[in-house]
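# Remarks on the overall topology
Chain by chain, the residues:
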Amino acid sequence: MKIQFLMKDLKYLAALSIPIMAFMGIYLKGYFTYLTPFYAFVLIPIMDLLLPLDPTNLNPEEATDNLKTKLFDWLLYLNLPIVYGLIFYALITMSITSFNTFEIIGLILSVGTVLAVNGINVAHELGHRQSTNERFLGKALLLPSFYMHFYIEHNFGHHLHAATPEDPATAKYNQSIYSFWFTSTFRQYFNSWNIQKMLLKNNNNAFFSTKNDLLWYGMFQLSYLILVFVFFGTIGFVFVLAAGIVGFIMLETVNYIEHYGLLRSKLPSGRYERVKQNHSWNSNHALGRIVLYELTRHSDHHYKSSKKYQILDSYEDSPQMPYGYPTSMVISLFPPLWFKIMNKRVPRDMVS
């Protein structure tokens with residue numbers, strides 16, 4: 001019985017298939033440098049369409065057991081050496097091997113995909129933990145995508161304002177993904193500074209102090225770029241910069257599909273109703289769930305943000321995506337098709 005449960009728990013190792021593809025692409029070169037985006041956005045969507053949906057939830061006993069099992073935490077921690085190891089391997093290989101422009105673009109897309117899936121996505125999960133060490137690991141995973149401010153904006157901004165016009169990470173009804181990339185990216189960054197200044201003020205700390213986390217984040221990210229430039233030159237610098245940008249653009253694409261068009265109602269008091277399970281899009285497509293560490297059960301994550309990924313539930317009254325997250329990300333790149341599929345699914349009384 002224990003072996004059976006262990007094998008069930010180990011299904012989340014499938015999330016490591018993304019960086020494995022990237023390592024293979026760097027090693028094999030040529031067309032294989034595009035193996036990761038092909039796997040993530042072609043093969044996984046096809047498999048998600050072929051596999052049955054999995055809306056089942058754990059019973060209370062299973063959920064309790066999962067919370068006690070440290071394996072689920074270590075599966076997250078493992079991503080830190082993998083992400084940084086992949087970046088270093090790519091930089092070393094590029095410094096001793098000649099890659100043409102076609103291959104470099106493939107490497108940027110591949111490593112950028114890993115930075116999104118195994119970097120930012122895992123950082124998001126760890127950023128909600130109570131342990132300082134786990135939050136530190138989460139911030140370290142945000143660094144290569146130059147999105148360390150995400151920790152502040154997401155935890156102190158997004159979860160407070162999700163599904164309202166005040167939230168930059170909530171896409172408006174009929175807003176295209178390309179418009180959203182700009183509005184969300186810039187608004188989140190400036191929002192994070194406003195939140196940081198508020199936190200400093202509430203704790204009687206000066207702007208220029210060791211307590212200003214955003215200043216530290218900026219220094220760490222700049223130091224990362226400088227170190228890469230010093231040791232790996234212009235090509236290495238351009239590579240990590242472009243891969244980081246690809247990483248956070250993929251994050252914003254996920255943000256786009258997670259709350260598209262949904263809006264919380266305003267109460268007579270002028271405040272918004274509390275976030276419920278019907279204010280985020282849910283997906284029970286099996287492979288996407290596993291590869292993204294249950295991110296696709298986003299409705300429950302917002303309803304109870306303290307829940308760990310391995311015990312997130314699916315609710316019948318949550319708005320359901322017709323496709324998994326990887327497939328939906330691809331469809332969102334074609335706004336007319338996205339609007340045709342999704343607009344009719346947005347409840348009329350929730351249109352933002």
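Residues numbered from 1 in each chain as written. Predicted model: local features only at pLDDT ≥ 70, side-chain atom pairs only at ≥ 80, totals over all residues. Heavy atoms only, no water.

To continue, consider the overall build of the protein. Within the protein, the regular secondary structure consists of 15 helices and zero strands. Computed over the C-alpha atoms, the radius of gyration of the protein is 20 Å, within 12% of the 20 Å expected from 2.2 N^0.38 for a compact globule of 352 residues. Across its three principal directions, the C-alpha atoms of the protein cover 65 × 55 × 45 Å. Residues counted as buried form 54% of the 352 residues belonging to the protein. Counting only contacts in the protein whose residues sit at least 6 apart along the sequence, the fraction spanning at least 24 positions is 72%. Here the protein has roughly 16,600 Å² of accessible surface; of this, 68% comes from carbon and sulfur atoms. Of the side chains in the protein, 28 bear a positive and 23 a negative charge, and the two mean positions are spaced by 5 Å. (Helix = DSSP H or I, 4+ residues; strand = E, 2+ residues; numbered from the N terminus. Rg over C-alpha atoms; globule rule 2.2 N^0.38 Å. Buried < 20%, exposed > 50% of the residue type's maximum accessible area, 1.4 Å probe, protein only. Contact = heavy atoms within 4.5 Å. Areas by Shrake-Rupley, 256 points an atom, 1.4 Å probe, with all protein chains shown as cover. Lys, Arg positive; Asp, Glu negative; His and termini not counted. Charge placed at Lys NZ, Arg CZ, Asp CG, Glu CD.)

Let's shift gears to the nonpolar core. Core analysis: the biggest nonpolar cluster contains 84 residues, and F239, Y256, Y260 and W338 have the highest contact counts within it. In terms of residue count, helix α11 (residues 213-259) provides more of this core than any other element does, 15 residues in total. The contact partners of F239, leaving out residues within four places of it in the chain, are A90, L91, M94, L107, I108 and V111. (Core = buried A, V, L, I, M, F, W, Y, C linked by side-chain atoms within 4.5 Å.)

Along the chain, L287 falls in helix α12 (residues 286-291). Note on L287: relative accessible area 15%, which makes it buried. Each C-alpha atom, one on L287 and one on P144, is 26 Å from the other, the two residues being 143 residues apart in sequence. Ignoring sequence-local partners within four residues, the contact set of L287 consists of I44, M47, D48 and L51.

For S265, the position within the fold is in the loop between α11 and α12. A C-alpha to C-alpha distance of 21 Å links S265 and M321, two positions 56 residues apart in sequence.

This brings us to the pattern of salt bridges. A complete count under the given rule lists ten salt bridges for this structure. Across the salt bridge formed by D300 and K307, the nearest N and O atoms sit 2.7 Å from each other. As far as burial versus exposure is concerned, D300 and K307 are alike and both buried. Here K307 ties to D313 by a salt bridge, and the two come within 3.1 Å at their closest N and O atoms. Like K307, the residue D313 is buried in the burial classification. (Salt bridge = Lys/Arg side-chain N within 4 Å of Asp/Glu carboxyl O.)

Turning our attention to the side chain of H128. If you trace the backbone, H128 turns up in the loop between α7 (101-127) and α8 (132-142). Separated by 3.3 Å, the side chains of H128 and H301 make a polar contact. (Polar contact = N/O pair within 3.5 Å; in protein donor to acceptor, adjacent residues only side chain to side chain.)

Tracing the backbone through its elements, the reader meets N284 in the loop between α11 and α12. Engagement of the side chain of N284 in a polar contact is seen with the side chain of N282, the distance being 3.5 Å. Within the structure, the side chain of N284 is placed 3.0 Å from the side chain of S314, a separation counted as a polar contact. Those residues in contact with N284 that sit more than four places away from it in its chain are L53, D54, P55, R289, R297, S314 and Q320.

Below, the discussion takes up the packing of aromatic side chains. Tallying each qualifying case throughout the model produces 26 aromatic pairs. Here the aromatic cluster, defined as three or more aromatic residues joined through ring pairs, consists of Y173, F180, Y256, Y260, W338 and F339. (Phe/Tyr/Trp six-rings, centres within 6.5 Å; stacked < 30°, edge-to-face > 60°.)

Running from N to C, helix α3 (residues 35-50) and α7 cross one another at 50 degrees; their axes reach a closest spacing of 7 Å. Classed by the angle they form, the pair α3 and α7 counts as oblique. Contacts from L35, T36, P37, A40 and F41 in α3 reach L109, S110 and T113 in α7. Its residues placed into classes, the contact of α3 with α7 shows five nonpolar, three polar and no charged. (Axes fitted to C-alpha atoms, helices over the stretch in contact; angles between N-to-C directions. Parallel < 35°, antiparallel > 145°, perpendicular 65-115°, else oblique. Nonpolar A, V, L, I, M, F, W, Y, C, P; charged D, E, K, R; others polar.)

Phi at F146 is positive, roughly 55 degrees, even though this residue is not glycine. Take F146: it is sitting in the loop between α8 and α9 (149-161). Note on F146: relative accessible area 14%, which makes it buried. With a phi close to 50 degrees, Y293 is a non-glycine residue in the positive phi region. As for its placement among the helices and strands, Y293 is situated in the loop between α12 and α13 (298-303). You can call Y293 buried: its relative accessible area is 4%.

What follows covers the packing of helix α10 (residues 177-202) against α11. Following both chains from N to C, one finds α10 and α11 inclined at 110 degrees, their axes separated by 9 Å at the closest point. Regarding the angle of α10 to α11, the classification is roughly perpendicular. Seen from above, α10 lies across α11 with right-handed handedness. Between α10 and α11, the contacting residues are I177, F180, W181, S184, T185, Q188, S192, W193 and Q196 on the first element and D213, L214, L215, F248, I249, E252, T253, N255 and Y256 on the second. Counted by class, the contact of α10 with α11 contains nine nonpolar, seven polar and two charged residues. (Left-handed = near helix turned anticlockwise from the far one by under 90°.)

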